[in-house]
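Observations on the three-dimensional arrangement
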Amino acid sequence: MELNFTGTDICAVNGTRSAPEAKYDLVVIGAGPSGIAAAIDGAASGASVLLVDENPVSGALMGNDTPLYFGGRMTAATQNTDRMLEAIFMSMPDLEKAMEAGVELLLGTTAWGVYRNGPGVQSLPEQVVGLADSERSWMVGFDRIVLATGARDLAIAFPGWNQPGVMGAAALQMLLSRYGAFSGRRIVVLGSHDLALETALLALEYGLEVVGLVEVRDAPQGDAALIEKIAEAGIAIHYGQSIAASKGGLDGIEAITLTDGTHIACDTVCVAIGLVPSIELVDAMHGPRALNPARGGYIPAGEPNVAAVGTCAGLPDTGFDHIAYRMDWVRAALRVNAPDTIICQCEEVTLADLIGVQPPNYLPRPAAIQARSLGTLLDDGPANPDQIKRLTRSGMGVCQGRRCRDQVAMMLAIESDKPFGTIPLASHRAPVRPLPLKILAEWDEPTAMEAAWDVWFGIPTQWVPVEDIGTEHQDAHREMLYTGMYK
Amino acid sequence: MSGSEVIIVGGGVTGLSAGWWLARSGVKVTVLDKFIVGWEASGRNGGGASHYSSPLFDEEQRLWPQMDELLGYPTEHQKGRILIAMTERQWEQYRFIAERHTRLNHPIELLDVKQVQEAVPLAGDNCFGGVHYKFGGHANPQRTVQAYAWALQDLGGKIIQHSPVTGFETAGGKVTGVKTANGTYGCDAVVVAAGPQIPHLMAQLGVDVPLAAARAEMIITEPAPMMPLGGVDGHKIYGRQTLRGNLAYGGGPHEWLDVDANGPAARPSTPLARNLAKRLAELLPKAAHLNVIRSWAGVIENSPDGRPIIDRLTSPDNVVVASMSSVGFGLSPASGHAIRDLVIDGTCSFTNIDLLKLSRFDKLEKNWREKRGWMPIS
């Protein structure tokens, strides 16, 4: 086949991407107090500022514990978007101030990816952030971006944790103080560090019954004044304990049993062991980040045009080693959980299959694979959560690993007898929130991309059947299937 | 060759299959990989196994249905494919391909719109028709690469990860050792199957291997209800429904890159996820409400004609070089067999692979990348 090259590969992405819909000097992701402050500062300095916040998220997303660990304990009120929007404005009076300052505000708008040129990609016309609401997605250009994405709940498995009523502290706080839309009544709080103490006190303030705190260590962990308040409220803290068993019904959790046999009736277990800075966007954009145990995990390392503020930049440093604390909880979980305790809820991966590095139940398990385990995998090299994900499917589900990624990394550290910091961070990938195909789709695609779209590289000689080479079929093949790159 | 030592440079799907085939023949095999087996394109692709344009096609088709049993580990291989045409032009093109299959005695069936909807519950009435390949199929790339690696180990072969190859030792017109940061491995023969790093490695042996690297992207959704046949694509995207139900699809524009001796610097995905989402929502409209939960990219290399290079060098004469030119996963059962034959017997026993010889590029222009427009964006 005689090919006359044009010098241009029209099937390459060069120049065929759409331009962003709008461009701002500053885009702020997350309209909590830090994000609002950053947006107002930006507007005050004369910058054009877009402030977006994903809340209120849809009931479907909340049901998938996204972005926080809601545990199915939201009331039907959360299905009413208008009411939720009103609640957000009521709870955040500074939003109005930001708008008065000239900030463009988009609520119910998710930032699902940030893209810029760098190693491995030079084809972006400019740095952009992908946004989406309930109708569509679009791209926005920016000079500077501030991530104020907050911190998400850390989940740790216990027997029966995979049922309604097991939820995170940040989710409980949001349902209580922002939306007034929490459906539980009797709460057990896991942890005794400040997050747990503050969450328990908030629940009391909202008239809920806090029937106990559970602390894996032998002494209280948080601020002495807060501990005192818990004591004054007559709430027991069960030291040196974790949850050994739980009982549930149609509506979820009904009671728990601690390792010392204490039985506690409850309709909600609030996991308040820790918060994890929400660095999904930073990691998915290949931004630098570093592990900081005093600030709650991996935090953005900072770049000239990418700033992180609020708890996204790390929890307040009080000298408390959050990682060591969480590791104690996971060690206890590994002692208590049965082999069939589910660790990854989306993919129903059990503890035994995670540590055994076994495939999902829909695949056969011949003798050879049953002989494989984390132990045999470690003979080949250090544990890597992304490899474990590929083999066991843990973290591969629709919650995008929010419920299991942290505890799986800790389990791998413990099982391979390595410090937590040696376990690589499992990758985050765009879209960092689940986004329906029809929303993510670029329906008004540029015609240049449409015209040159090929299923693979558009190299005609790649696909001519061997039998046809040198026959008349060869040219027919090129003419029917390829245009553009070759005359 | 029994008892001799073969080093495989590159633990991708091609190198692992070659190692497994050699181990099955009683050869001592060590696979060296820069990171973790299958970490690059071998574990990130669409999983297709229907490569009728290749001289390795018959062997690919013969082997896939046996691979789970031969390897002893599940690959998730599923037989058959359906291509759906979403435009009149695509329908013309797919029927052209169908005619070709009929001429070459590959079993196919043309489907009208109603038949497409019956065979593919997620499809709509917005298509023009489909072609059902009663051959070919797809498998899970990540599971398959690990299956090769484990099967190779079960036969006594070694996998050394986190050990990038830095060079070779030669003596008497042969490679006698392969150097890594962690030590040198003596050998009787070498297979270089290091993907985009092949040109850098082979240059050290004075051999020019023309390959250009590029990045390509995919997306995956949450699980959809299981379709009777998971190998559904067309509309100029490729992909499959996994056995879990997720829809994993790729296609469309690539970006040419320079990859240095250390391999791809990064594998960033881009907003191209939106264009893939559009096509997938058109192809399978009853899945358009499903959430996309990840996107990713991989780096693959292409030869100037897009066909693989599988060849045993004349000097040094104990080196086999293998690049599958961006289409390696599905052909891996057969490419490994061919490489095994070249290493042990010097010639491929089951098909003529002269088409894949490196010497076809002896007269290639120095500026072959520029002529094709295969240059990175500067």
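Attention in this report is confined to the structure presented alongside it. (Residues numbered from 1 in each chain as written. Chains lettered and ligands numbered in written order. Predicted model: local features only at pLDDT ≥ 70, side-chain atom pairs only at ≥ 80, totals over all residues.)

1. Things to note about the overall build of chain A
Counting its secondary structure elements, chain A contains 18 helices and 22 strands. Against the globule reference of 23 Å for 487 residues, chain A gives a C-alpha radius of gyration of 26 Å, in line with a compact fold. Judged by the C-alpha coordinates and their principal axes, chain A covers about 85 × 65 × 40 Å. Residues classed as buried in chain A amount to 52% of the 487 residues present. (Helix = DSSP H or I, 4+ residues; strand = E, 2+ residues; numbered from the N terminus. Rg over C-alpha atoms; globule rule 2.2 N^0.38 Å. Buried ≥ 20, exposed ≤ 12 C-beta atoms within 10 Å, placed from the backbone.)

2. So, the overall build of chain B
Each helix and strand in chain B was counted, giving 10 helices and 18 strands. Relative to a compact globule of 378 residues, whose C-alpha radius of gyration would be 21 Å, chain B shows 21 Å and is just as compact. If one aligns the C-alpha atoms of chain B with their principal axes, the spans along those axes are about 65 × 50 × 40 Å. Within the span of chain B, comprising 378 residues, buried residues form 62% of the whole. Within chain B, counting contacts between residues at least 6 apart in sequence, those at least 24 apart form 73% of the total. (Contact = placed C-beta atoms within 7 Å.)

3. Section: the packing of helix H9 (residues 322-336) of chain A against helix H14 (residues 405-415) of chain A
All names here are of chain A. H14 packs onto H9 with a crossing angle of 75 degrees between their chain directions and a minimal axis gap of 10 Å. On the basis of their axis angle, the class for H9 and H14 is roughly perpendicular. Along its contact with H9, which presents Arg326, Met327, Val330, Arg331 and Leu334, the element H14 presents Gln407, Met410, Met411 and Ile414. Split by residue class, the contact of H9 with H14 holds six nonpolar, one polar and two charged. (Axes fitted to C-alpha atoms, helices over the stretch in contact; angles between N-to-C directions. Parallel < 35°, antiparallel > 145°, perpendicular 65-115°, else oblique. Nonpolar A, V, L, I, M, F, W, Y, C, P; charged D, E, K, R; others polar.)

4. With respect to the nonpolar core
Counting 266 residues, the largest nonpolar core has Val271 of chain A together with Val9, Ile84, Val191 and Val192 of chain B as the members making the most contacts within it. Not counting residues up to four positions away in its chain, the partners in contact with Val191 of chain B are Val6, Ile8, Val9, Gly15, Ala18, Val320, Ala322, Ile339 and Val343 of chain B. (Core = buried A, V, L, I, M, F, W, Y, C linked by C-beta atoms within 7 Å.)

5. Points about helix H4 (residues 88-103) of chain B
All names here are of chain B. In a regular helix each residue adds 1.5 Å, so 16 residues correspond to 22 Å; H4 covers 23 Å between its end C-alpha atoms and thus fits that length. Buried residues of H4: Tyr94, Ile97, Ala98 and Arg100, and no others. Buried residues in H4, looked at end-on, bunch into an arc of 155 degrees, giving them a common side. Relative to its buried face, H4 has exposed residues pointing more than 90 degrees away, namely Glu88, Arg89, Glu92, Thr102 and Arg103. In this structure, the buried side of H4 is in contact with strand S3 (78-85), strand S4 (108-111), strand S5 (129-138) and strand S12 (232-234). Immediately downstream of H4, the backbone of Asn105 shows phi near 65 degrees, a positive value. (Expected span 1.5 Å × (residues − 1). Arc of directions from axis to C-beta.)

6. Some thoughts on the sheet that holds S5 of chain B
Residues and elements named next belong to chain B. As summarised here, the arrangement of the four strands in space is S4-S5-S3-S12, forming an open sheet in which the pairing is mixed. Pairing within the sheet leaves two strands with one partner each, and these edge strands are S4 and S12. In this sheet, neighbouring strand axes are inclined to one another by 30 degrees on average, regardless of whether the strands run parallel or antiparallel. Pairing of S3 with S12, which is carried by three bridges, proceeds in the parallel orientation. Each residue of the ladder has a partner; that of Ile84, found in S12, is Gly234. (Pairing = 2+ DSSP bridges.)

7. Side note on the interface of chain A and chain B
Between chain A and chain B, the contact holds 72 residues from the first and 76 residues from the second. In terms of residue class, the side of chain A that touches chain B is built from 43 nonpolar, 17 polar and 12 charged. Where strand S22 (residues 435-436) of chain A lies against strand S16 (residues 291-302) of chain B, two bridges are found, and the strand directions are antiparallel. Bridging across to S16 of chain B, Pro436 of chain A finds its partner in Asn291 of chain B.

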